[in-house]
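Chain by chain, the residues:
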Amino acid sequence: MLVRLVGPGFLLMQDNARPHVAGVCQQFLQDEGIDAMDWPARSPDLNPIEHIWDIMSRSIHQRHVAPQTVQELADALVQVWEEIPQETIRHLIRSMPRRLRCEGVDQQADQTD
């Protein structure tokens, strides 16, 4: 079971994107004994990786010549990833407690204990 790898009391944070709420995914989480946070529809992205994906997407779309092949896209994504300053990533991580407080997620987690 995956829950043994993450420890007792693990609570999965994911948004309500269609792939996450698909029956097969929900069944997998149930079978693995993984609890997921209730997440409101149309809630802001709190996961830092979502912000990194946004930075990368905007950077790719600002190029004068769009990638034409999967390989060109992969190469462009690697280049964009390497151009993201570490301080940007650190800032996103350090901002998590504040963003969680603003969205009331920390209170929700307290209520599940």
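Residues numbered from 1 in each chain as written. Predicted model: local features only at pLDDT ≥ 70, side-chain atom pairs only at ≥ 80, totals over all residues. Heavy atoms only, no water.

So, on to the overall build of the protein chain. Across its full length, the protein chain carries eight helices and two strands. Per-residue burial over the protein chain gives 19% buried out of 113 residues. (Helix = DSSP H or I, 4+ residues; strand = E, 2+ residues; numbered from the N terminus. Buried < 20%, exposed > 50% of the residue type's maximum accessible area, 1.4 Å probe, protein only.)

Quick look at a nonpolar patch on the surface now. Together, Leu5, Val6 and Phe10 line one region of the surface with nonpolar side chains, adding up to about 290 Å² of accessible area. By the secondary structure assignment, Val6 is in helix α1 (residues 3–6). With relative accessibility at 44%, the residue Val6 sits in the partly exposed group. (Patch = residues over 30% accessible without salt bridge, like charges linked within 9 Å, V, L, I, M, F, W, Y side chains within 5 Å. Areas by Shrake-Rupley, 256 points an atom, 1.4 Å probe, with all protein chains shown as cover. Salt bridge = Lys/Arg side-chain N within 4 Å of Asp/Glu carboxyl O.)

This paragraph deals with the nonpolar core. In a soluble, globular protein the nonpolar side chains are often hidden away together inside. Formed by Ile52, Met56, Ile60, Ala76, Val80, Ile84, Ile89 and Leu92, the largest nonpolar core amounts to eight residues. The element that contributes the greatest number of residues to this core is helix α4 (residues 48–61), accounting for three residues. Ignoring anything within four residues of it in the chain, the contact list for Met56 reads Leu77, Val80, Trp81 and Ile84. (Core = buried A, V, L, I, M, F, W, Y, C linked by side-chain atoms within 4.5 Å. Contact = heavy atoms within 4.5 Å.)

Let's shift gears to the environment of Leu29. Considering the arrangement of structural elements, one finds Leu29 in helix α3 (residues 23–32). Judged by relative accessible area, Leu29 falls into the buried class, the value being 9%. In the structure, Leu29 is positioned 17 residues away from Leu12 in sequence and 9.4 Å away in space, judged by C-alpha atoms. Non-local contacts of Leu29, meaning those with residues more than four positions away in its chain, are made with Leu12, Gln14 and Ile34.

Turning to the pattern of salt bridges, a few remarks are in order. Taken as a whole and judged by the stated rule, the model has three salt bridges. The closest approach of N and O atoms between Asp54 and Arg58, which form a salt bridge, is 2.9 Å. Of the two residues, Asp54 and Arg58 are both situated in helix α4; the distance of four residues between them amounts to about one turn of the helix. Overall, Asp54 belongs to the partly exposed group, its relative accessible area being 39%. On the accessibility criterion, Arg58 (43% relative accessible area) is partly exposed. A salt bridge links Glu87 to Arg94; the nearest nitrogen and oxygen atoms lie 2.5 Å apart. On the accessibility criterion, Glu87 (41% relative accessible area) is partly exposed. A network of salt bridges, in which partner residues are shared, links Glu87, Arg90 and Arg94.

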